[in-house]
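Single-letter residue listing:
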Amino acid sequence: MTPLPQIMVAPNGARLLKTDHPEVPLTQAEIVACAKACFLAGADGIHAHIRDDAGQHLLDVEAYRKLLRALKEVLPEMAVQITTEAVGIYDVDVQMDVALGSGATMVSAATREICRAGTQTAASFYQTCADQGIAIQHILYDKADCTLLESALSHSALTDPALQVLFVLGRHSPTSTADPADLAPFMHWLKERGIHPDWAVCAFGATDSECLSKAVALGGKCRVGFENSTIRGSGTVARDNAQKVADLKEVLASVS
């Protein structure tokens, strides 16, 4: 199964619009151009959201298929992960259909959203993905999500080093700023369960690079971009996603 890239750029997310930042990529052409710029800046993967004609969050199998084809044509070396984020709009059956029908081999899925269908249905979905070679990155917001994931995975799946998880620090809110200390409960969970998954971190707010460098120092990987913060470590607004990636590369150079 394809391992997580070291730096995955998340350039748009489900909420930001051009009114939030003019360089938020919304169309397929903009997403592809942004991916190329971020790849050149040092990102080896992209976490892709798609939007409808009004710029709103969209989960759609065919639209994802088109984006995946376009990205493969322009950037065959770049790993592509699609989102199944519900954003309070989509039911879990739509999320599962997108994961299984889009042709993506890397898919992110919030554990608390997928488990709305019940842990047995979630477990069956996860197994089907594994059987089809689809790497699910389990999105975990807190310790309760970690416990929920345990209930939906077999022991062998939970202890498999290929298990992919993303720890979310902070929240999508103007008043929420992540703290590197927010990593502690997740690190404790890994230690107490004795598991060593392929894990990464995303962090909301201007402290994202500080949080991500902490994650790398502890053996994790990074998701960075406008989905989580448009602010640079200096406190200024980033020119674009590629600048966020370049800034992170510079920070991580001092960690390694």
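Scroll up for the structure.
This is a predicted model, so every value here is computed, not measured.

### Describing the packing of helix H1 (residues 28-41) against helix H2 (residues 61-74)
Here is step 1: As a packed pair, H1 and H2 sit with axes 10 Å apart at the nearest point and diverge in direction by 35 degrees. In the crossing of H1 with H2, the sense of the turn from one axis to the other is right-handed. Residues Gln28, Ile31, Val32, Ala35 and Lys36 of H1 touch H2, and the partners they reach there are Lys66, Leu67, Ala70, Leu71 and Val74.
Here is step 2: Among the residues making up the contact of H1 with H2, the classes are represented as 7 nonpolar, 1 polar and 2 charged.

### Some points on the nonpolar core
Here is step 1: Counting residues in hydrophobic clusters, the biggest one holds 67 residues, and the most contacted among them are Tyr126, Phe167, Trp189 and Trp199.
Here is step 2: When sequence neighbours within four positions are dropped, the list of residues in contact with Phe167 reads Leu140, Phe186, Met187, Trp189, Leu190, Trp199, Ala200, Val201 and Cys202.
Here is step 3: Membership of the second largest hydrophobic core comes to 11 residues, among which are Leu4, Ala79, Met106 and Val168.

### A short note on the packing of aromatic side chains
Here is step 1: Evaluated as defined, the whole model comprises 4 aromatic pairs.
Here is step 2: Note on Phe125 and Tyr126: the rings are 5.7 Å apart at their centroids and 50 degrees apart in plane angle, and the pair reads as tilted. Each of the two residues, Phe125 as well as Tyr126, counts as buried.
Here is step 3: On the basis of an interplanar angle of 45 degrees and a centroid distance of 5.7 Å, the ring pair of Phe167 and Trp199 is categorised as tilted. Remark: Trp199 occurs in strand S9 (residues 198-203) and Phe167 occurs in strand S8 (residues 164-169); sequence separation between them is 32 residues. Both residues of the pair, Phe167 and Trp199, count as buried.
Here is step 4: Linked through ring pairs, Phe167, Phe186, Trp189 and Trp199 together constitute an aromatic cluster.

### Quick notes on the sheet that holds strand S7 (residues 135-140)
Here is step 1: Judged by pairing direction, the barrel is parallel, and its 8 strands sit side by side in the order S1-S2-S5-S6-S7-S8-S9-S10 before closing back on the first. Sheet twist, expressed as the mean angle between neighbouring strand axes with direction ignored, is 25 degrees.
Here is step 2: Examined bridge by bridge, S9 and strand S10 (residues 221-224) share 2 bridges and lie parallel to one another. Of the residues in S10, the one forming a bridge with Val201 is Cys222.
Here is step 3: Those strands touched by H2 are strand S2 (45-48) and strand S5 (79-83), and its axis lies near 165 degrees from that of S5.
Here is step 4: Sheet strands touched by helix H6 (residues 143-152): S7 and S8. Its angle to S7, the strand with the most contacts, is close to 145 degrees.

### A few points about the state of the cysteines
What makes a disulfide is a covalent bond joining the sulfur atoms belonging to two cysteines.
Here is step 1: Across all of its chains, the model carries 0 disulfides by this definition.
Here is step 2: Free of any disulfide, Cys115 has its nearest cysteine sulfur in Cys146, 12 Å distant.
Here is step 3: Judged by its relative accessible area of 11%, Cys115 falls in the buried class.

Reading the values: rules and limits
- Residues numbered from 1 in each chain as written.
- Predicted model: local features only at pLDDT ≥ 70, side-chain atom pairs only at ≥ 80, totals over all residues.
- Heavy atoms only, no water.
- Axes fitted to C-alpha atoms, helices over the stretch in contact; angles between N-to-C directions.
- Helix = DSSP H or I, 4+ residues; strand = E, 2+ residues; numbered from the N terminus.
- Left-handed = near helix turned anticlockwise from the far one by under 90°.
- Contact = heavy atoms within 4.5 Å.
- Nonpolar A, V, L, I, M, F, W, Y, C, P; charged D, E, K, R; others polar.
- Core = buried A, V, L, I, M, F, W, Y, C linked by side-chain atoms within 4.5 Å.
- Buried < 20%, exposed > 50% of the residue type's maximum accessible area, 1.4 Å probe, protein only.
- Phe/Tyr/Trp six-rings, centres within 6.5 Å; stacked < 30°, edge-to-face > 60°.
- Pairing = 2+ DSSP bridges.
- Disulfide = S-S within 2.5 Å.

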